[in-house]
Amino acid sequence: MKPKVGEVIYVQSYKHDGSLHRTWSSGTVLSADDEKIVLITYKTWVVESDGRRWFTREPAICFYYLNRWYNVIAMIRAKGVYYYCNLASPSVYDGESLKNIDYDLDVKVFPDGKYIILDEDEFELHQKQMHYSESIIRIVEDEKNRLVELAKHKEYPFEDNTIHRYFDKYLSIHEFK
């Protein structure tokens, strides 16, 4: 089951123990195939697990992979495209929402190509608290390394032109609603 282009869906991220981590109230589908669902969140409510709510201010093109252990959020800002990558289980679409399990580690890529790894301490802590299996730990580490290599070489989806094409597609879809 895949959402249709132009459809607005809900996004839910959980933690390994089943607790809700974060939700996005809406994402407009820009593309859906057997590998990924691409959507945009723009002026969307986000609710954190602690109940804190915030509103996205900039357009973000989001790549949710159905067979990779990460997702990539490309935020379009005045100073360029910033990429925020969440190490997470492959995403699943159930007909109304897109779901995954967040595995703590994040990779942030700046417009100049530099990157940083975030939340390594949280990953270490949750491995023990939530009893991550050795195979999950290995997959998350491998996928983190894969993301870094893709970003270093500016391979899909780390291509600013691709991000801007998706944003143009959103504008054309949104124009007719």
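In this text, all values refer to a predicted model and were calculated from it rather than measured experimentally.

This part covers the nonpolar core. Core analysis: the biggest nonpolar cluster contains 35 residues, and I61 and F158 have the highest contact counts within it. Counting residues per element, the ones that place at least two in this core are β3 (36-41), β6 (60-65), β7 (70-77), β8 (80-88), β10 (97-109), α2 (134-152) and α3 (160-175). Among the elements that make up this core, the one with the highest residue count is α2 (seven residues). Look past the residues within four positions of I61 in its chain and what remains in contact with it is L30, V38, L39, I40, V72, I73, A74, I76, I163, Y166 and F167. By size, the runner-up hydrophobic cluster in this structure holds 15 residues, among which are I9, L39, M75 and Y82.

Moving on to the pattern of salt bridges. Side chains that differ in sign of charge can pair as their charged atoms come close. In this structure the tally under the stated criterion is 14 salt bridges. In this structure, the salt-bridge partner of K15 is D104, at a minimum N-O distance of 2.6 Å. Residue K15 is located in the loop between β1 (8-14) and β2 (20-32), and its partner D104 is located in strand β10; the two are separated by 89 residues in the primary sequence. Residue classification places K15 among the buried positions, given a relative accessible area of 7%. Exposure remark for D104: the relative accessible area of 1% places this residue in the buried category. For K144, the salt bridge goes to E141, with nearest N and O atoms at 3.0 Å. A residue pair is termed a helical-turn pair when its members lie 3 or 4 positions apart in one helix, as K144 and E141 do in helix α2 at three residues. What makes K144 buried here is its relative accessible area of 12%. Owing to a relative accessible area of 26%, E141 belongs among the partly exposed residues under this scheme. Taken together, the shared-partner salt bridges connect K15, D102, D104 and E122 into one network.

Calculation notes
- Residues numbered from 1 in each chain as written.
- Predicted model: local features only at pLDDT ≥ 70, side-chain atom pairs only at ≥ 80, totals over all residues.
- Heavy atoms only, no water.
- Core = buried A, V, L, I, M, F, W, Y, C linked by side-chain atoms within 4.5 Å.
- Buried < 20%, exposed > 50% of the residue type's maximum accessible area, 1.4 Å probe, protein only.
- Helix = DSSP H or I, 4+ residues; strand = E, 2+ residues; numbered from the N terminus.
- Contact = heavy atoms within 4.5 Å.
- Salt bridge = Lys/Arg side-chain N within 4 Å of Asp/Glu carboxyl O.

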